[in-house]
Amino acid sequence: MEQATQPQTNQPKPEQSKSAQPTSTPSKARIIGRRICYAVGNLGQAAFYNALSTYFVVYVTSTMFAGVDKALAAKLIGIITGLIVIIRIAEIFLDPLLGNLIDNTTTRFGRFRPWQVIGGCVSALLLALVYTGLFGLVNVSETWFIVLFVVVFVVLDVLYSLRDISYWGMIPALSEDSHERSVYTALGSFTGSIGYNGITVVVIPIVTYFSYVFTGSHAESQAGWTSFGIIVALLGIITALTVAFGTKENESALRSKAQKNGSPLQAFAALARNDQLLWVALSYLLYAIANVATTGVLLYLFKFVLGQPAAFSIAGVIPIITGLVAAPLYPVLNRYIPRRYLYLAGMVFMIAGYVMFIIGAQNLTMVIIALVLFYIPSTFIQMTAILSLTDSIEYGQLKTGRRNEAVTLSVRPMLDKIAGAFSNGIVGFIAVAAGMVGTATAADMTAANIRTFKMFAFYTPLALIVASLLVFMFTVKIDEKMHARIVEELEAKLASGEIAEDDASPMDDAA
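Residues numbered from 1 in each chain as written. Predicted model: local features only at pLDDT ≥ 70, side-chain atom pairs only at ≥ 80, totals over all residues. Heavy atoms only, no water.

**Remarks on the overall build of the chain**
Check the secondary structure of the chain and you find 23 helices and 0 strands. Within the chain, buried positions represent 56% of all 511 residues. Summarising the internal contacts of the chain: among those between residues at least 6 apart in sequence, 82% fall at separations of at least 24. Within the structure as shown, the chain displays about 20800 Å² of accessible surface, and the carbon and sulfur contribution to it stands at 67%. (Helix = DSSP H or I, 4+ residues; strand = E, 2+ residues; numbered from the N terminus. Buried < 20%, exposed > 50% of the residue type's maximum accessible area, 1.4 Å probe, protein only. Contact = heavy atoms within 4.5 Å. Areas by Shrake-Rupley, 256 points an atom, 1.4 Å probe, with all protein chains shown as cover.)

**Observations concerning the packing of aromatic side chains**
Tallied over the entire structure, the rule returns 31 aromatic pairs. Taking 6.2 Å as the distance between ring centres and 25° as the angle between the ring planes, the aromatic pair formed by F145 and F149 counts as stacked. You can see F145 and its partner F149 sitting in helix α7 (residues 142-169), 4 residues apart, about one turn around the helix. A relative accessible area of 1% means that F149 is categorised as buried. Linked through ring pairs, F56, Y59, F65, Y131, F145, F149, F153, W225 and F228 together constitute an aromatic cluster. Positioned above the aromatic ring of Y184, the side-chain terminus of R35 is 6.0 Å from the ring centre. (Phe/Tyr/Trp six-rings, centres within 6.5 Å; stacked < 30°, edge-to-face > 60°. Lys NZ or Arg CZ within 6 Å of the ring centre and 35° of its normal.)

**A closer look at a nonpolar patch on the surface**
Where nonpolar side chains cluster on the molecular surface, the patch consists of V317, I321, L324, V325, L329, V332, Y336, I337 and Y341 and spans about 850 Å² of accessible area. Residue contributions to the nonpolar patch peak at 6 residues, all from helix α15 (residues 314-334). Within the element layout of this structure, V317 appears in helix α15. Classification of V317 by relative accessible area gives partly exposed; the value is 38%. (Patch = residues over 30% accessible without salt bridge, like charges linked within 9 Å, V, L, I, M, F, W, Y side chains within 5 Å. Salt bridge = Lys/Arg side-chain N within 4 Å of Asp/Glu carboxyl O.)

**Thoughts on the environment of F453**
For F453, the location among the structural elements is in helix α21 (residues 447-475). Relative accessible area serves as the criterion here: at 1%, F453 is assigned to the buried category. Once residues within four sequence positions are removed from consideration, F453 is found in contact with V297, Y300, L301, V305, I430, M436 and F458.

**Topic: the nonpolar core**
Counting 138 residues, the largest nonpolar core has F56, F65, Y131, F228, L301, F357 and F453 as its most contacted members. Counting residues per element, this core draws most heavily on helix α2 (residues 28-64), at 14 residues. Aside from chain neighbours lying at most four places away, what touches F56 is A51, M64, I84, V130, Y131, F149 and F153. If you look at the next biggest cluster of nonpolar residues, it comprises 7 residues, including A326, L342, F380 and M383. (Core = buried A, V, L, I, M, F, W, Y, C linked by side-chain atoms within 4.5 Å.)

**Observations regarding the side chain of T191**
Along the chain, the position of T191 falls in helix α9 (residues 178-215). Among residues more than four places away in sequence, those in contact with T191 are A39, V40, N42 and L43.

**A few points about the environment of L282**
For L282, the location among the structural elements is in helix α13 (residues 275-295). For the pair L282 and A467, spaced 185 residues apart in sequence, the C-alpha separation works out to 9.7 Å.

**Regarding the packing of α15 against helix α17 (residues 364-375)**
Two packed helices can be described by the angle between their axes and the distance between those axes. Relative orientation of the contacting elements α15 and α17 amounts to 35°, with a least axis distance of 9 Å. Handedness of the α15/α17 crossing: right-handed. Listed contacts from α17 to I314, A315, I318, P319 and T322 of α15 are I368, L371, V372 and Y375. Among the residues making up the contact of α15 with α17, the classes are represented as 8 nonpolar, 1 polar and no charged. (Axes fitted to C-alpha atoms, helices over the stretch in contact; angles between N-to-C directions. Left-handed = near helix turned anticlockwise from the far one by under 90°. Nonpolar A, V, L, I, M, F, W, Y, C, P; charged D, E, K, R; others polar.)

**Things to note about the confidence of the model for the chain**
The predicted model of the chain averages 81 in pLDDT, with 86% of residues at 70 or higher. At the low end of the mean pLDDT range in the chain sits helix α1 (residues 14-19), at 39; at the high end sits helix α10 (residues 222-246), at 95. Under a pLDDT of 50 for its full length, residues 1-23 has, in the predicted model, 13 contacts with residues more than four places off or in other chains. Counting interchain partners and residues more than four positions distant, the pLDDT-below-50 stretch residues 501-511 has 33 contacts. (pLDDT = per-residue confidence, 0-100.)

Listed below in structure tokens is the structure:
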């Protein structure tokens, strides 16, 4: 820890110098302000993610190729959704590299904030571009449209990843206390729930309103979807700048005394040795695939199965309400209930929700009950996963000597991206296989169409949720008490100079 500066004419005694602490402790008001600015960031970030991972595919299947021959449109839809899946799976190997890039960033503005500006602003502009359908390029040249789409989407996804990784990577830089981290995580999850589910509430009203403004009809149009993309992009830029200019990293002993983050290969090696990180990641991945596979087709549920597309806003209102309650409640409950039990209880709620979806998919009342059961635990599950991944940073540092903050926390957005890729593929497959494209309505759906929908929207995700529950229950050991022991041991080793890159830790046995 840096010594406090003293006047030269009054030299401190050795014991005073030893215990000196920095005097620039932020005031309570400033801390609250930083928390608010941090929380605002995920409002736009989560809205951006939902617009990109869910509604962009809806736009592709319903409007992007509206003026193209039906057979050719079906072919292009398959190509685009397939490309999205391939691109995102390829980025499995890219996100840790981006995390390593962030970990090795050194600027006077900090490690994370510059990437909020670069990643947040540029990715937002590119999102608006893809929602224009690349300005109708498909009507000029199909080949050039596909080539340019791949380039734009890859750059867009990479820049969004830099924003997302740097955002969640800030948490261990803001505090090393597990409970304080839960406060930041709760705030980010709180606003993220509003942003993500708020898009579900407003997407149809925005698209139909601007479609009417520009075409005189309330039917979905290119102008409506372009307007939607621009609005989400503006929100993304504003909230990214709020984080960049409203937060500040702290330099703790654990961060300042850690070894250099090293090359990507060294970072990957450190991740591979962090068994708790890997088990949490596997459990979360199974959950995330199930979650986005279901949420990605909820619009189709209301439009083609229930035949009540106007009621779709319910699917956004319910998670907003549950998120507003669950996010601030999580730190309170976590004071008395270990987070692993909050996670496991949440899984049980989700299983009950899927059962309700399966038996009542064609009944609005049953669907509403299923949505409540489905969304109530999502905040608890996601926050527990994020906190477990965050606490695994110190676990990994104790085992390897390397403190890979952004690389470790790049795992969570990487998993979300993998899940989103599966979601895009599932949505595109269902849209084509079940005839839920173009001008089709609920009256056109057959029993086989409904079975296809339920298989990929409910049965398969239910199996993944059960698998996630089992993985977490039997393999994830890191919790609040274990993390506190790790921090205490790590501080002692760092202070004494014992810890080295290849040191083995007694905590290995605890895992």
